[in-house]
Amino acid sequence: MRLRYILKLSFLHLVRSWRSTIVLSVMVISAVASLIFLASLAIGTNDAMIRNSIGLFSGHISGSDIPPRIDTEILAVQGVEHVLVRRQQRFLLWTDGIFEPVLLMAVNPLQEQQSTALWKKTVAGRYLQPGEDGIYLNQETAARLHLSVGGWVHLGTFPGDILKTLTVVGIYRTGISQLDQGLAFCPNEAFPSAEGLITTASFLQEGSSTDEIEQHYKRLIPSGKFRAWTEFMPDLKQLIDLNFVCMAIVMILVFALVSVGISCAFLIFTLKNLREHGIMKTMGIMPVDSTLFLICQIGMLTLCAATVGMVAGVFAVILFAKVGIDLTSLTSHNQYFVVSGVIYPRLTAVSLLPPPVLAIIFGLAAALWPSLYINRKSPADILRTV
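Keep in mind it's a predicted model, so treat the numbers as computed, not measured.

Caption draft 1: Fine view of a nonpolar patch on the surface. Residues F315, L319, F320 and V323 make up a contiguous nonpolar surface patch of about 420 Å² in total accessible area. Exposure remark for L319: the relative accessible area of 48% places this residue in the partly exposed category.

In structure tokens:
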């Protein structure tokens with residue numbers, strides 16, 4: 001039997017049973033559209049976690065042990081949006097006989113506000129301004145020193161060695177222990193020492209390769225230490241990988257269930273039209289042609305339904321990609337959503353292609369059961385049972 005004839009016969013059979021075809025198509029369409037949207041939402045969630053984590057303070061690439069005589073402008077290579085240079089040194093803060101060690105970090109306040117979101121976590125006062133003798137303290141240190149906004153604090157290397165007296169201009173809290181314990185900030189002009197370790201934070205443009213720029217940095221400054229966010233935030237990297245694995249498992253399970261439904265439905269159709277299959281076998285239709293007939297029917301149905309579902313899923317992603325989905329109430333205590341809880345679904349090849357491809361693969365596999373049922377029976381057995 002020629003393939004063209006089988007395709008035509010399969011199409012006419014689907015059209016004749018149009019009610020059942022629509023029901024099964026809706027099942028496939030909804031599965032494909034839903035999984036495309038969920039996969040895009042998972043990618044958007046990963047983007048949000050990365051954006052919140054690196055955007056708060058660290059940047060995509062963190063540099064340390066930078067030689068003091070190196071011009072850090074060379075780090076502003078293609079693909080890098082901003083490079084923040086910071087100087088840090090450990091000092092002792094004290095007031096009214098209470099002492100507290102801190103890692104004081106000198107920053108450019110204007111550049112920090114432009115590139116990072118740490119200033120948005122201010123709980124009292126304001127962020128730093130260029131040229132002022134001010135200090136921006138974490139809430140925990142401020143509480144131990146009994147300091148509030150407007151208070152002053154001495155700074156030195158040991159008790160009694162007053163290098164500088166700074167005014168508390170702001171107090172912050174991020175909810176991340178690395179930033180909320182033993183860390184303080186001041187403008188570059190207020191840093192009490194000409195020494196200190198130089199660190200950098202590089203923020204990349206969208207689509208730039210973190211690994212390539214990291215390797216380029218290591219060639220530019222061999223004595224410096226550069227680490228991408230995947231190195232100093234391995235927990236986030238594992239969480240993102242886990243999201244992809246879970247999404248793949250969900251896709252396989254969903255289409256496995258859909259294929260069972262399709263297979264059961266076509267088995268019912270086969271039993272309903274058992275006389276026709278018996279007559280076809282009596283006319284000399286080979287088992288391979290009977291199998292191909294069922295495969296063509298299910299293939300046509302899943303291909304068309306998957307295409308419609310893909311269009312519907314893309315439309316849903318485009319709709320929500322503009323406005324985002326606000327999950328702030330569900331992420332208020334999550335360190336990976338410390339800046340914003342809004343998620344923007346993002347459509348990629350990873351989120352777009354697997355659902356329709358899996359729908360077609362599992363749909364074709366669904367033809368196995370009804371095909372085996374027909375091919376195992378002889379024409380005489382079929383006609384006797386009708």
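Caption draft 2: Representation of the side chain of S115 within the structure. Looking at where S115 falls in the secondary structure, it is placed in helix α3 (residues 109-115). According to the relative accessible area criterion, S115 is buried, its value standing at 13%. Ignoring any residue separated from it by four or fewer positions in sequence, one finds S115 in contact with G55, H82, L84 and F203.

Caption draft 3: Expanded view of the pairing of strand β7 (residues 164-172). Where strand β4 (residues 122-125) and β7 come together, 3 bridges link them in antiparallel fashion. Note that in β7 the partner of T122 across the bridge is Y172. Examined bridge by bridge, strand β6 (residues 152-156) and β7 share 4 bridges and lie antiparallel to one another. Residue pairing for β7: H154 is matched across the bridge by T165.

Caption draft 4: Unusual backbone geometry, seen in detail. Unlike most non-glycine residues, D96 shows phi in positive territory, near 55°. Within the element layout of this structure, D96 appears in the loop between β2 (80-95) and β3 (98-107). The residue H146 is not glycine, and still its phi comes out positive at about 55°. With respect to the helices and strands, the residue H146 is situated in the loop between α4 (139-144) and β6.

Rules and cut-offs
- Residues numbered from 1 in each chain as written.
- Predicted model: local features only at pLDDT ≥ 70, side-chain atom pairs only at ≥ 80, totals over all residues.
- Heavy atoms only, no water.
- Patch = residues over 30% accessible without salt bridge, like charges linked within 9 Å, V, L, I, M, F, W, Y side chains within 5 Å.
- Areas by Shrake-Rupley, 256 points an atom, 1.4 Å probe, with all protein chains shown as cover.
- Salt bridge = Lys/Arg side-chain N within 4 Å of Asp/Glu carboxyl O.
- Buried < 20%, exposed > 50% of the residue type's maximum accessible area, 1.4 Å probe, protein only.
- Helix = DSSP H or I, 4+ residues; strand = E, 2+ residues; numbered from the N terminus.
- Contact = heavy atoms within 4.5 Å.
- Pairing = 2+ DSSP bridges.

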